[in-house]
Amino acid sequence: GQQLNQSPQSMFIQEGEDVSMNCTSSSIFNTWLWYKQDPGEGPVLLIALYKAGELTSNGRLTAQFGITRKDSFLNISASIPSDVGIYFCAGQTVGANNLFFGTGTRLTVIP
Amino acid sequence: DAGVTQSPTHLIKTRGQQVTLRCSPKSGHDTVSWYQQALGQGPQFIFQYYEEEERQRGNFPDRFSGHQFPNYSSELNVNALLLGDSALYLCASSSRPGANVLTFGAGSRLTVL
């Protein structure tokens, strides 16, 4: 099955810093998504990307759909304590009803 | 507006037992998917139900089965539990099969001893 690898696995940053994380796949996806999971909760959708090269923002979050369709990037600007959590990338292929999730990036923001 | 609700939130079983997990989708959603999330891992797709039928299945053995009811709620059943079945089981609902905008519940954490 598809393997989605996220890096870094974990990050410790100071409040106010910018954050970058990425996700690479062994397969091509037609849709890339980024979800955030807080402790004890299910993942919540942050951003969805539908076209290669697309750059989409949601507040302080910006994500890009890689040109090769095998990768995606998420940036968070001016981090705040509530950004703490695990960030997952997810991909979907044409005709599929399911998502493939990455291994996750755990973000810790130090006040 | 209630989101996705799952029950129970936590449960402990022993090897060989059977378990049933329940999910009520978000209002307006008719499609339910189940995912297994092992500790420290991302969610893995188990199967999806729409119109009371299994529409797609991931790489999980037949010990994992499900059901969808006319009110769109769903159950996940796991038979002959193994230690490796210990995980957070997430239910996600959507407005149609193939939708990538999923609403997840908080999950049911299963521990198999």
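Described below are features of the structure shown in this document. (Residues numbered from 1 in each chain as written. Chains lettered and ligands numbered in written order. Predicted model: local features only at pLDDT ≥ 70, side-chain atom pairs only at ≥ 80, totals over all residues. Heavy atoms only, no water.)

### Thoughts on the overall build of chain B
Phase 1: The helix and strand inventory of chain B stands at zero helices and eleven strands.
Phase 2: Overall, chain B shows an N-to-C arrangement of helices and strands of β-β-β-β-β-β-β-β-β-β-β.
Phase 3: In terms of overall size, chain B behaves like a compact globule, its C-alpha atoms giving a radius of gyration of 13 Å where 113 residues would be expected to give roughly 13 Å.
Phase 4: Seen through its C-alpha atoms, chain B measures out along the principal axes to roughly 40 × 25 × 25 Å.
Phase 5: Counting over 113 residues, chain B shows a buried share of 48%.
Phase 6: Counting only contacts in chain B whose residues sit at least 6 apart along the sequence, the fraction spanning at least 24 positions is 53%.
Phase 7: Within chain B, one finds 9 positive and 9 negative side-chain charges whose respective centroids are separated by 9 Å. (Helix = DSSP H or I, 4+ residues; strand = E, 2+ residues; numbered from the N terminus. Rg over C-alpha atoms; globule rule 2.2 N^0.38 Å. Buried < 20%, exposed > 50% of the residue type's maximum accessible area, 1.4 Å probe, protein only. Contact = heavy atoms within 4.5 Å. Lys, Arg positive; Asp, Glu negative; His and termini not counted. Charge placed at Lys NZ, Arg CZ, Asp CG, Glu CD.)

### With respect to the pattern of salt bridges
Phase 1: In the structure shown here, the tally under the stated rule is six salt bridges over all chains.
Phase 2: A salt bridge links D83(A) to R60(A), with the nearest nitrogen and oxygen atoms 2.8 Å apart. A residue pair is termed long-range when its members are at least 10 positions apart, and D83(A) in the loop between strand 8 (71-76) and strand 9 (85-92) and R60(A) in the loop between strand 6 (55-58) and strand 7 (61-65) qualify at 23 residues.
Phase 3: R60(A) gets classed as partly exposed once you look at its relative accessible area, which sits at 27%.
Phase 4: The salt bridge involving D85(B) is made with R63(B); its shortest N-O contact spans 2.8 Å. In this pair, D85(B) is assigned in the loop between strand 8 (74-78) and strand 9 (87-94) and R63(B) in the loop between strand 6 (53-57) and strand 7 (64-68), connecting sequence segments 22 residues apart. (Salt bridge = Lys/Arg side-chain N within 4 Å of Asp/Glu carboxyl O.)

### Let's talk about the packing of aromatic side chains
Phase 1: Applying the stated criterion across every chain yields a total of twelve aromatic pairs over all chains.
Phase 2: The interplanar angle of 85° and the centroid separation of 6.4 Å between the aromatic rings of F88(A) and F101(A) together place this pair among those described as edge-to-face. Remark: F101(A) occurs in strand 10 (residues 100-101) and F88(A) occurs in strand 9; sequence separation between them is 13 residues. The pair formed by F88(A) and F101(A) is uniform in burial state, with each residue classed as buried.
Phase 3: An aromatic cluster of three or more residues is present, and its members are Y35(A), F88(A), F101(A), Y35(B), F45(B) and F104(B). (Phe/Tyr/Trp six-rings, centres within 6.5 Å; stacked < 30°, edge-to-face > 60°.)

### Quick look at the environment of K70(A)
All names here are of chain A.
Phase 1: Relative to the helices and strands, K70 resides in the loop between strand 7 and strand 8.
Phase 2: K70 sits in the partly exposed class, given a relative accessible area of 36%.
Phase 3: Sequence-wise, K70 and N30 are 40 residues apart; in three dimensions their C-alpha atoms are separated by 9.2 Å.
Phase 4: In contact with K70, other than residues within four places in its own chain, are C23, T24, S25, S26, S27, I28 and W32.

### Things to note about the interface of chain A and chain B
Phase 1: Counting residues at the interface gives 19 residues for chain A, matched by 21 residues for chain B.
Phase 2: Carbon and sulfur atoms make up 50% of the area that chain A and chain B hide from each other, which totals about 1500 Å².
Phase 3: In this structure, the connection of chain A to chain B is made through zero salt bridges.
Phase 4: Remark: the boundary between chain A and chain B carries twelve residue pairs in polar contact (both at pLDDT 80 or more).
Phase 5: Secondary structure elements with two or more residues in the side of chain A that touches chain B: strand 4 (31-37) and strand 9 of chain A.
Phase 6: When residues of the side of chain A that touches chain B are assigned to their parent elements, the largest contribution, four residues, is made by strand 4 of chain A.
Phase 7: Its residues assigned to classes, the side of chain A that touches chain B shows nine nonpolar, nine polar and one charged. (Buried area = accessible area lost by both parts, 1.4 Å probe. Polar contact = N/O pair within 3.5 Å; in protein donor to acceptor, adjacent residues only side chain to side chain. Nonpolar A, V, L, I, M, F, W, Y, C, P; charged D, E, K, R; others polar.)

### Focus: the sheet that holds strand 7 of chain A
Residue and element names in this part refer to chain A.
Phase 1: Spatially, the five strands line up as an open sheet ordered 1-3-8-7-6, and their pairing is antiparallel. Each of the sheet's edge strands pairs with one partner strand only, and the pair in question is strand 1 (4-7) and strand 6. Ignoring which end each strand starts from, the neighbouring axes of this sheet average 15° apart. (Pairing = 2+ DSSP bridges. Axes fitted to C-alpha atoms, helices over the stretch in contact; angles between N-to-C directions.)

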